[in-house]
Structure formats: structure tokens, C-alpha cells
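# Residue-level structural notes
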Amino acid sequence: MAEPRYRGDRLLNLLTYAVLVALAVFCIGPVLWTLLTSLKEESEIITAQVAYLPSHLTFDNYARLWSQSNYPTLIVNSLAVTAMTVAICVLTGTVAAYAFSRFNFPGRTQLMLGYLVIRMFPAVLMIIPLFILLRNVGLLDNRFGLAVAYTSFLLPLYVWMLKGFFDAAPKELESAARIDGSTRLGAMFRIVIPIARNGLVATSVFVAIAAWNEYLFALMLTTSEGSRTWPVGLQLMIGEYNLPWGMLAAGGMISIAPVIVLFAIVQRWMVAGITAGAVKG
Amino acid sequence: MATLSLRGVRKRFGTLEVLSNIDLDLEESGFLVLLGPSGCGKSTLLSIIAGLEEASGGDVLIGGRRVNDVHPKDRNIAMVFQSYALYPTMPVARNIGFGLEMRKVARPDREAAVQRAAELLQVNHLLERRPGQLSGGQRQRVAMGRAIVRDPDLFLFDEPLSNLDAKLRVEMRTEIKRLHERLKTTIVYVTHDQVEAMTLGTRVAVMKGGVIQQIADPQTIYEKPANTFVAGFIGSPAMNFLAGTLEVEAGTAVLRHASGALRLPGLTEGTGAAGKPVLLGIRPESLSLGSGAGAALSGTVDVVEPTGPDTHVLLDVGGQQVTARLGPRTGLVHGDEVTLAVDTAAVSLFDPETGLRL
Amino acid sequence: MDDAAFSRRKFSVGGPPAGWSRWNPARWLGELSETRYWMYLLLVPSLVLILGIVLYPTLYGVELSFQIMRLNRPGGNHFAGWSQYTRMWSDPVFWLSLRNTAIWVTATTIIEFTIGLVAALALNRNLPGTRIFSVLILIPYFLPNVVAGNIWALLLDFRVGVLNDILVRLHLLGAYKAWFADPNTAMPAVIVIEAWHGFPFFALLLLAGLKGIPADLYRAATIDGAGRFAQLRLITLPMMRTIIAAAVILRVIGLVNSPDLLLILTQGGPGRATQVLSLYAFQTAYKDFNFGYAGALSVVMFVLLMVFAWAYVRFSRVNEE
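Residues numbered from 1 in each chain as written. Chains lettered and ligands numbered in written order. Predicted model: local features only at pLDDT ≥ 70, side-chain atom pairs only at ≥ 80, totals over all residues. Heavy atoms only, no water.

A grouping of A:Tyr52, A:Leu53, C:Ile166, C:Leu170 and C:Leu172 is seen on the molecular surface, where their side chains present a nonpolar patch of about 520 Å² in accessible area. On the basis of relative accessible area, C:Leu170 is assigned to the exposed category, the value being 54%. (Patch = residues over 30% accessible without salt bridge, like charges linked within 9 Å, V, L, I, M, F, W, Y side chains within 5 Å. Areas by Shrake-Rupley, 256 points an atom, 1.4 Å probe, with all protein chains shown as cover. Salt bridge = Lys/Arg side-chain N within 4 Å of Asp/Glu carboxyl O. Buried < 20%, exposed > 50% of the residue type's maximum accessible area, 1.4 Å probe, protein only.)

Attention now moves to the packing of helix 9 (residues 183-211) of chain C against helix 12 (residues 241-257) of chain C. Residues and elements named next belong to chain C. Here helix 9 crosses helix 12 at 155 degrees, and the two axes come no closer than 9 Å. By the criterion of interaxial angle, the relationship of helix 9 to helix 12 is roughly antiparallel. Once helix 9 is placed against helix 12, the crossing between them reads as right-handed. From helix 9, Glu-194, Gly-198, Phe-201, Phe-202, Leu-205, Leu-206, Ala-208 and Gly-209 reach across to helix 12, where they touch Ile-243, Ile-244, Ala-247, Val-248, Leu-250, Arg-251 and Leu-255. (Axes fitted to C-alpha atoms, helices over the stretch in contact; angles between N-to-C directions. Helix = DSSP H or I, 4+ residues; strand = E, 2+ residues; numbered from the N terminus. Parallel < 35°, antiparallel > 145°, perpendicular 65-115°, else oblique. Left-handed = near helix turned anticlockwise from the far one by under 90°. Contact = heavy atoms within 4.5 Å.)

Within a beta sheet, neighbouring strands are joined by backbone hydrogen bonds and run either parallel or antiparallel to one another. All names here are of chain B. With respect to topology, 6 strands assemble into an open sheet ordered 6-7-8-3-9-10, the strand pairing being mixed. Strands at the two margins of the open sheet, each flanked by one partner only, are strand 6 (77-80) and strand 10 (211-216). The mean inter-strand angle of the sheet, taken between neighbouring strand axes irrespective of direction, is 15 degrees. By the bridge criterion, 5 bridges tie strand 3 (residues 31-35) to strand 8 (residues 186-191) in an arrangement that is parallel. For Val-33, the partnering residue across the bridge sits in strand 8 and is Tyr-189. Sitting on the sheet, helix 1 (residues 42-50) touches strand 3, strand 6, strand 7 (154-158), strand 8 and strand 9 (203-208), and the angle it makes with strand 7 is about 150 degrees. (Pairing = 2+ DSSP bridges.)

With that settled, the discussion passes to the sheet that holds strand 11 (residues 240-249) of chain B. Residue and element names in this part refer to chain B. The 5 strands lie next to each other as 13-12-11-14-20, forming an open sheet whose pairing is antiparallel. If you trace the sheet from one side to the other, it starts and ends with strand 13 (260-264) and strand 20 (348-350), each paired once. Within the sheet, the average angular offset between the axes of one strand and its neighbour, ignoring direction, is 40 degrees. In this structure, strand 11 lies alongside strand 14 (residues 277-282), joined through 6 bridges in antiparallel fashion. Looking at strand 14, one finds that Asn-240 is bridged to Ile-282.

With that settled, the discussion passes to helix 5 (residues 108-119) of chain A. Between its first and last C-alpha atoms helix 5 of chain A spans 17 Å; for 12 residues at 1.5 Å apiece the expected length is 16 Å, and the two agree. All buried positions along helix 5 of chain A are accounted for by A:Arg108, A:Met112, A:Tyr115 and A:Ile118. An end-on view of helix 5 of chain A places all buried positions within 110 degrees of arc, on one side of the element. More than 90 degrees from the buried face of helix 5 of chain A, the exposed residues found are A:Thr109, A:Gln110 and A:Leu113. Against the buried residues of helix 5 of chain A lie helix 4 (71-102) and helix 7 (143-167) of chain A together with helix 3 (38-65) of chain C. (Expected span 1.5 Å × (residues − 1). Arc of directions from axis to C-beta.)

Let us now look at the packing of aromatic side chains. Summed over all chains, the structure comprises 27 aromatic pairs over all chains. Relative to A:Tyr62, the ring of A:Phe59 has its centre 5.9 Å away and its plane inclined at 50 degrees; by these criteria the two rings are tilted. For A:Tyr62, a relative accessible area of 16% gives the class buried. Relative to C:Phe291, the ring of C:Phe289 has its centre 6.2 Å away and its plane inclined at 40 degrees; by these criteria the two rings are tilted. Overall, the relative accessible area of 0% leaves C:Phe291 in the buried class. Put simply, the rings of A:Phe206, A:Phe263, C:Phe113, C:Tyr141, C:Phe142, C:Phe201 and C:Phe202 touch in pairs and so form one group of aromatic residues. Over the face of the ring belonging to B:Tyr222 we find B:Arg283, whose NZ or CZ atom lies 4.0 Å from the ring centre. (Phe/Tyr/Trp six-rings, centres within 6.5 Å; stacked < 30°, edge-to-face > 60°. Lys NZ or Arg CZ within 6 Å of the ring centre and 35° of its normal.)

Helix packing geometry: the angle between the two helix axes and the distance between the axes. Helix 7 (residues 145-155) of chain C packs onto helix 12 (residues 230-241) of chain A with a crossing angle of 30 degrees between their chain directions and a minimal axis gap of 9 Å. Relative to helix 7 of chain C, the element helix 12 of chain A is oriented roughly parallel. Only C:Val146, C:Val147 and C:Asn150 of helix 7 of chain C make contact with helix 12 of chain A, whose side of the interface consists of A:Trp230, A:Pro231, A:Leu234, A:Gln235 and A:Ile238. Partitioning the contact of helix 12 of chain A with helix 7 of chain C into residue classes produces 6 nonpolar, 2 polar and no charged. (Nonpolar A, V, L, I, M, F, W, Y, C, P; charged D, E, K, R; others polar.)

Taken as a whole, this structure holds 20 salt bridges over all chains when the rule is applied. A salt bridge links C:Asp165 to C:Arg169, with the shortest nitrogen-to-oxygen separation between them at 2.9 Å. Residue C:Asp165 and its partner C:Arg169 are both found in helix 8 (residues 162-169); the two are separated by 4 residues, about one turn of the helix. The exposure class assigned to C:Asp165 is buried, which follows from its relative accessible area of 5%. Each of B:Asp59, B:Arg66 and B:Asp69 takes part in a single network of salt bridges with overlapping partners.

This is the structure:
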């Protein structure tokens, strides 16, 4: 829109900044408060009078959480499940997204429509049969089994987002490569994928974050510590073992640190992919 | 209708000076064309006149009133955009009448005005359609209808014909000229197409780099360009520039150039530069086959381009390229040696360093 | 020549570089890629996965809804016809959950849309510093439900919640409140938390929509005399109808289908004040192991969503575009 001209516009700019600041406080304030809480002594947290600023900062909560509970195991489990989920999606979904983007085959629109219908499936509807299915195959309460379950709702999303990124890569480059003697496979790997590299990274990060955050499926499909992921573990500690606030806050901060860092790095490309995919829907 | 005056208008973006010291006056019912290549600042100047952008300095006067601090909607102007900017979710009738609607004009008056404007532009059968259902030419007409319906003092056109194909462009150009003659509106028109400028404007302001190079009526700009930029920008094929030294021999000016001397008996201006290097500007149509009254150029034919009504012949004259516009059947081919007569009354002299007219 | 014509040829142009041995798998794959079946081959792995872990379980789930199946009752399941559904019809908890779901989804969507629109409009002005603000504003959406829920549980805690403290100091509240224990405030509290978590989704999609509107339209409207609010109402929002529809439908689907936040914060309480359908179905499966009834509840949710999506598209004139 036109640059600010009249006094009315300068007022609007001020209002815009006010709105942006208010929203930022609304969004980050609670997170920062939790961070602050995680660095306070437990005694300062549960006082009758809310202590806004701690008298001193301490990493006590983090240390105790890490050493006195099974939090490390939970984190490792989550890492494993997330890694496996991303691997499965990348291996099977990338080529599928490429096929959707580049080829027009019978049933293409039906399949893409099918994706939209799949999104409407309630998680609960799928969890029950998945529970039975995984139990029969012996993959219940198993990290790999959990990864397979995650791909059930993450793979369609992965293919959809990545297709959007592939669509943005011009097809002429592959035609030129093939005239130069490359096979379709070669064109795909040597030309398109490097161009869509940003999209690939953004989509993979998106899937990784979703897998890392997942609660419902993990709750239903894991029963023991061996494969439990951190969301389930943390919530369990709160509910059944009355985890003190300080350690809870510390646990939360530990687990969202990778999410925030990853998000800040790839947010620009991720935004492009989500909007491209959702708009086409 | 009102007049437009710009006094010392300047525009700066950070450290970049986009418009420098723009001074111009437009009389009532005049048609001013702002002509120039991309980036010369013409669209920015139009935005400043409209009030969509603020000038960094100088005054903008519409109808004698200083409007620098006046909101666009209160300047009594209308604008037609290159992209037409029709509201896609509204039918054509509402598009045209939108300005009236915003000014709370009563519905019957509004509808009557819309009907009049639509009839004038022959789009009254499209009033119920959406812009998406119209062709490019139809959208153009609707955009113009939206502009004329409020009967404003000043009309602003921002390259309105650029998005049309060649044939449609010629049709719409005539349409705009007809509208101007009929409604006697005051118009400022931005374009990079010099044919549009020549055919439409009563005054043309040629701009480059944010500076007005020359402002005059089209014929003056064509015959007496103020500098080499204007000379080269207007006219197609472009004016030829022959480098040489000016001498005066026996009361007649003579140009000594690389492959000979050219007598210029009809030359009336610029003779004060005798003895100095000059650029002689010769338009292609000033050259004809034959040797004339001693004012002739000889050269070797390089390329022959038949256009139908004439032939463009590119010659090599002593190392410099000269284009001549000759009749349809010349019989010339590459390599021919040919002599062309020069109409010395129609030439221009320029200083090779400043580019200014002598 | 397009790919279809390419694959109709009987030979492949170019091919693998000379010097590759016959048994190099890359060469074999490369030659395979020239066949007409290549595109289907590309789809096979993901298709197999989807069929196996999405379609099959879903169909099985639907089948379960027609059975009586309790996992913890040995003796197997037997076919039960429509009995699960008739049971649902006369189940008061079902109707209560349905009502709560409607309230929850409607209120949350409206709040999220409004805040998201304001955020999108503010970010679209592209003032200096917008990049940083957009990162900060989008973060709540990418936080895990577990953490988001507990962050707010901490803020609203009856004993140590800082929001309670602030509200008391501002004299908006008499004493610390147990937000999740009072049936009148539990639902509003959860709505606010879910809105906090989900509004960036709207902000994202609406921002994309805003950027698709040509700037010239606003310039023309300014000259026509339309103020900023009129421009928003008559130009911006109508042009974003499709994106708004997509965002609303996607978000409603997400809200109806996943009980995560409620599971963490209230488990449907106090009493049944925040019991929603998805939560009810989940608890039926997870706590009672009554897979048959849970399946039926889920199927009903799915059908309701399809009806909603169809109705929205049909009646919102989106298809006019």
C-alpha cells in the first residue's frame, strides 16, 4: 500500500505497532513467564505472594528433572520416533509429491481430493484400529510402531506441502536436462530436488515439529517407559506424581527449545508451503 | 475543468532523488502527456498529482488551489490505472458508481450518472457482469467510465493501454482522443509509447531521470528537440546523429564528416558553433533518393527493411550508421553505393558533449 | 514433447553415462524411470503406507462401530447392527457433548478468526520490524499441546497463577479464582487458551490472502473516496472469501477432531462442563476400552464434519468465484 502520507496514516502506523506489540506480548508473555518460573527456586514459586522477579536464577529445576526423573529417556525416545517419522516421510513422500506435481495421471484429482477427506478423519477413529493393528503386528509400545502410526496423519500433509514447493520449480529445467541426455530419475535428483531444497527442508521440519509435539497417538499407543515420548511422560508426571511447578516449567522449556529454534530458522519457507498447500485445498 | 500547476516539485526516496525540480503548467482542457522510459519518474509524478504520494518539496496546484495536504478524494480527480483496478467482486455498474456511492450520492442520481457514462463508453450492456467476465478492452472502457462518471476537474491516466494488444491499443487510443474532444476534460497521461504521446497530447513533457527534458506541443518536440535524448526518443525509426565539425564557407554552413562534406544551405540556427565538433540530427524521412542541391550523403547499403508503405534503408556513411526512410520500391540491395539528398531545413544541431540543441 | 509423448516412445533418449556397469542399480533405476509406469512406481511406496495405516484402519474403525467390542472383555466381539448408534441417540452424555462441541468450536473459531485477521492486517502493512513480530506471533501455533496447556495452567493456577494476581491487582477480580474448577468459567478459559494456540493458523492463511490483493485496487478506492474501513469491508474481505472458507473449514475440522488441550487441562470437567465429542470418544476408548461405542462416536463426528464442510461451501457463495 502507499507509503504514509497524511496525519491519518501516521496514526494508523502507531496503531499498527500497538497492535503488533500487544499481540507479541500476548503470544510470548506466557512462554517467557514459564521460562522465568523454570529458573526460580521452588520455594519462590509456591509462595502465597507471587514473586514477579526471582531473587536469584537457578538451574536447579533443570538439574533435578534431568537426573531424578526419566526425562532423558523420554527425550531420547521422542528424538528416535521423530527421526524415524521424518525418514519414512522423506523416503516415500518426496517421490510421491514429485509424481503429483509433474505427472498428470488418471485418478490424480481423486487422490488429491482423497487427501482432503483423510484430513477430516477424527484421530480417535484411527487410533483404535491402529492400536489393534499394531498390537497384532507386535509394534505396540514400540518406537518404530509409533513412527509408523505418526506417518498415517503426517505423510499426506508432507506430500501436500511438498507438492506445492515442487509446483513452484519450473518444468523447463527438467525438459532441458532430458534433452541433454539425463533420465527422468536423473532429472529428478539432479535438477528439481536441489531447487526445491528449501521446500524440502521446511516441510521436513514441519513434520518433525508435529511428530515431536504429538500427544494423543503417543498416549494411546505406548504403555511403558521403554517407548514413551516426552509429552506423555511429562503429563504423566504432572498428573500422577504431582510434578512441582518449577520442574514442570523446566521440562516444558527443554522440550520446546528445539521447536522454537527450528521454527525461527525455517519460518519463512514453512509459511510459504503451508499457505500454498492450504490455498489449493 | 481546472488547470494544473507544478512548482518546483521534488521527490526523494532516502538518498535517491527521483524527481528534480518539476515545473509545468497545464491549461484548462489541455491534454498533457508525460513521456519517458521506465524509471524516469513519470508514474511517481502522477501519483503525487493524485495525492497517493507526498512530494518531498514544491507545490501542486489544481484549479489554482494548493492541494499538497488535500486527500485524493477531495482533489476532484479521477484516475485510470494500467491494470484498470476494477473491483472484482462487484458488478460493472457498482464499479462505475463506486465513487458516487462513497460520496453518498442518492441512488437515483447515481444510477442515472452510471447509465450516462456507460452509454458514452458503450458498456451499458455489460452493467450486470463482473470484471472477470469482460475482455481487456471492455475492462478498459469500464475503468474509463468509472473515471468520467464523477465529472472531475482532472483526469489522470497511468499507461492505460499498455496491457492491450496492438490493434486494440490503436482503437482505444482513438477512443480516448474522441472522449477528450467531446468532454473537453483536462488530462494528464503517462506513457512510454511515443506514438501515443504524439497523437494524443496537446503538450508533451519528455522525462528522463526525474527531470523534464523538454515540454512543448508534439510538433515542436518532433521538429525542434531540445537535446539528443528527446531527439532519439521521439520518432521511429530514430533520428540519425552524424558526427562532424561545423564550418562556415562562403556564408553557408558546412558539416565536415568522416566521408565528406555536407552543405547545409537551409540551416538557420546554431551556426554560432562554427569550428567546433557537432552532432547533426537528420530524421530518416528527411533523406531521399537523388543528389539534391549539393546537400547529399553517400554511403554503402547495409540492410534493406521493406515495411509496406516505405522502406527503411540502413547505410554505412564513413563508418557511421544512417537510416533512411525511402519509398516502397527502391531496388536497393546490400552493398550498393547510393547517394541521398538531405532536406537541410529539417535538421538539428547538437553539442556532442552536452547533447543540447545548438 | 510432453512427458506423455515421451513415454510412448519405444526407446529412451540419452541414457546412463557410458562406463556404468550393467548391474549398477542406479542405471537400472534410471532406465526404469523412462518407462510409462514410472509415475505409478513413484506413488507406490506412499500409497501402500496410506492404504495400510490410514484407509484400512479407518474402514476397520467404521466396521467396529457396528459391533460390540470391549477390549477388556474376553469372549470376543459380535456383530451388533445399529445398536451402538441407537444407544448414542438415547445417551444424554452424547447430546451434552454435542452441544459443548458446538459452543467450543464456534466461539473458538470466531475469536481465532478475529485475532488472526487483526494480526494479518497489522503484519501486512510491512512496517519495519515485521519479520521479528511475525516470528513471535506465530510461535503459539507450533508449541506442543502439552506445553501450551500447562503454560496456561500455570498462569491460571488457583494458588500461584500470575494472571490471577494481575487481575486482582487491577481490581477486576476479588480473589484468586480456580478457573478450571468452576463450571461457568472452565469453558471460557479453555476457549481462550485454544484461541491463543490456534489464531496464528488464521493469521498465516489470511496474510497470504491479503498479499494476493493488488495494491492498485486500494489506490483506486482511495481516489474513489473509500475510507480504510470501507476498503476492508468492500474490497479486502470479499476478495478473500475462498481463503477464509478454507481456513475456517480446516480449523473446524482440527478443533472437532482433536481433544488434546481438553485432555490436558480439564478431561471434560468440572462435571461435564467441557466434555466435547472428541474427548468423549477418546475416553470411551482409552479408559473403558469400549472400542465399539468409541468407533460409533467417531463415525458420527466424521459425518457431521462432512455435512458442515458441504453446507459451508454451498451456502457461502464461495462457488461463485
